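Coordinate inspection notes
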Amino acid sequence: MIVRISTLLFMLALPILLLGQTRGVCGFDSDKAFGQNIQELKKWVAEGNLSTRGNVVTYVPVKFHIISKNDGSKGLSEQVVLDALCHLNEEYADQDIQFYIYGGIKYIKNDLAYNNPGDAELVLQGNKDSKAMNIFMGLNANPPGGGIPGGTTLGYFAGSPSQDWIIIKNSEVNGFASTIPHEVGHYFNLDHPFNGWDCTAWTEAEHGNPVSSLMSPCDPSVPNEFANGDNCQVAGDFLCDTPADYNLGYFDGNDCNYTGNCKDPNGDQMQPDEDNFMGYFNGCADYFFSGQQKQIIAARLLQRTNLETDFIPSSVSIDGTTTLVQPADNSTTPAYNNVAFEWTPVAGANQYLLEVDLSNGFSVDPQRIMVWGTYKVVQGLIANKKYYWRVRPFNAYNTCAPKSPISDFTTGTAISTVEPPYVTNWSVRPNPVSAGQSLQLEMNTRESFEASVELRNLNGQTLQTMQAGFSAGNSTLEIPTSGLANGIYILTVQSSEGILNERIVIAH
Ligand SMILES: [Zn+2]
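This one's a predicted model, so the numbers in the text were calculated from it and none came from an experiment. (Residues numbered from 1 in each chain as written. Predicted model: local features only at pLDDT ≥ 70, side-chain atom pairs only at ≥ 80, totals over all residues.)

**Digging into the overall build of the protein**
Counting its regular elements, the protein contains 7 helices and 23 strands. Structurally, the protein occupies a C-alpha span of about 100 × 45 × 45 Å along its principal axes. Counting only residues that meet the buried cut, the protein has 43% of its 508 residues in that class. Sequence separation of at least 24 residues holds for 70% of the intrachain contacts in the protein that already meet a minimum separation of 6. (Helix = DSSP H or I, 4+ residues; strand = E, 2+ residues; numbered from the N terminus. Buried ≥ 20, exposed ≤ 12 C-beta atoms within 10 Å, placed from the backbone. Contact = placed C-beta atoms within 7 Å.)

Next up, the structure:
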């Protein structure tokens, strides 16, 4: 077992954030079985088994888990998840591997899991989707067993068969950090090039120059890889086109250029590959996977037969972004409780991320809604307030389209009752109804929806509430009236997209 200590994890665009007291680290913990699997995968590749894959793109399902606090607050914006998926796909495109959102984004509300997903093993187990690569995103990403002294873990792959998931710190979920592509490399069985040095980084004072030991400091079963590559099959990451590295990126600058003088036990000058995805050098213009790393990834992908890879994207490209139609820019809506939003369809997109907020930074109390289609009625806005909104088109695979420009409007003060657009017909019978007899609510809807069904008196007092799920097509809901006195009542069916009202009379 390798002891984990801090190792610097790079970021492409903002390496400066990693300077200072706290260093970003990767919490991946390699072990003997992981290394053995690399040897087996190499053998399998050498036997020619990769030729079956051809040059066809494999679509890998990803279950993104946005974890929020119990009250639903603090969870990541879907915007950055879309950005991160777009970036991940760019980085794996040359391997004919692309990733797609599998069955929508999953939302977990749990304080413990939000604070540090690795502390909430049972929550993760309960939400893991065995047909996809699971990425759990929370405030922290500290591996079980405690944090790493002097370091902040930015992400890790938990490789035990019962886990087999990736945990990412929220701050690393964006369109530029290399943390997710790096952890996905571990998911496909790649080690760090400096395997055996994960718990430390070379210094002359501690390890000698030339390095004095033939075995690595963190895993005594892994030899130190020689700069001349002589023992590359059994040392370091067990791959021969990733040069020896003794975690030399950890103390290196931000210029993606190793100029230190570390010498291996033979006395040969170390020449690590600074811009390898699985190493820890900062500030490289671009990172890459080596040829052998790509072979291991491809082989491990073929082994992962649980993944649902028969996906065909609805469209691989999305034609620009959308134009916002209503509410018109700078307009005032008549009502505030049901505001209808509409935008133009975009070729290639079948979903749209609608954001509405009191600030044009979408940071006050944003409503973020994934919409199938180009129309949505939003509730819960405040009367007589200026709001901002924007829309981003996407589909499960292509999440690279830009957001629309921001438009604003002011909410009116009236209350409107908008009927849910998918309800084609509904009725409540019998009406009048005898005291004690049940009402039959007949619903005909094009889409299934959930609603709150309430009975109020004419003073607006709610006397009875029930939650109901209506499935697409015809359905009937029985509503008891026992305990209600003779008189006139209002029955309301309130969904997230509108309200249905019916006047009910209870009589003998
Ligand atoms: Zn790592």
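So, next bit.
**Observations concerning the sheet that holds strand 10 (residues 339–343)**
The strands making up a sheet associate through hydrogen bonds between their backbones, and the pairing can be parallel or antiparallel. Across the sheet, 3 strands lie side by side as 8-10-13; this open sheet has antiparallel pairing. The outermost strands of the open sheet, each flanked by one partner alone, are strand 8 (324–326) and strand 13 (375–378). For this sheet, the mean inter-axis angle between neighbouring strands, taken without regard to orientation, is 30°. Bridge count for strand 8 against strand 10 is 2 bridges, and the pairing is antiparallel. Residue Gln-326 lies in a different strand from strand 10, and its bridge partner there is Glu-342. (Pairing = 2+ DSSP bridges. Axes fitted to C-alpha atoms, helices over the stretch in contact; angles between N-to-C directions.)

**Focus: the environment of Ser-438**
Tracing the backbone through its elements, the reader meets Ser-438 in the loop between strand 17 (433–434) and strand 18 (439–445). Here Ser-438 falls in the partly exposed class, since 14 other C-beta atoms lie within 10 Å of it. Note: C-alpha distance between Ser-438 and Pro-480 (42 residues apart in sequence) is 4.4 Å. With residues near it in sequence (within four places) discarded, Ser-438 still touches Glu-478, Ile-479, Pro-480 and Thr-481.

**Structural notes on the domain arrangement of the protein**
Taken domain by domain, the protein consists of domain 1 (1–190 + 289–307), domain 2 (206–287), domain 3 (324–410) and domain 4 (423–507). Between domain 1 and domain 2, the residue contacts involve 22 residues of the former and 21 residues of the latter. Secondary structure elements with two or more residues in the side of domain 1 that touches domain 2: helix 1 (32–46), helix 5 (179–187) and helix 7 (291–303). With 4 residues, the top contributor of residues to the side of domain 1 that touches domain 2 is helix 1. Split by residue class, the side of domain 1 that touches domain 2 holds 11 nonpolar, 10 polar and 1 charged. (Domains from an automatic or database assignment. Nonpolar A, V, L, I, M, F, W, Y, C, P; charged D, E, K, R; others polar.)

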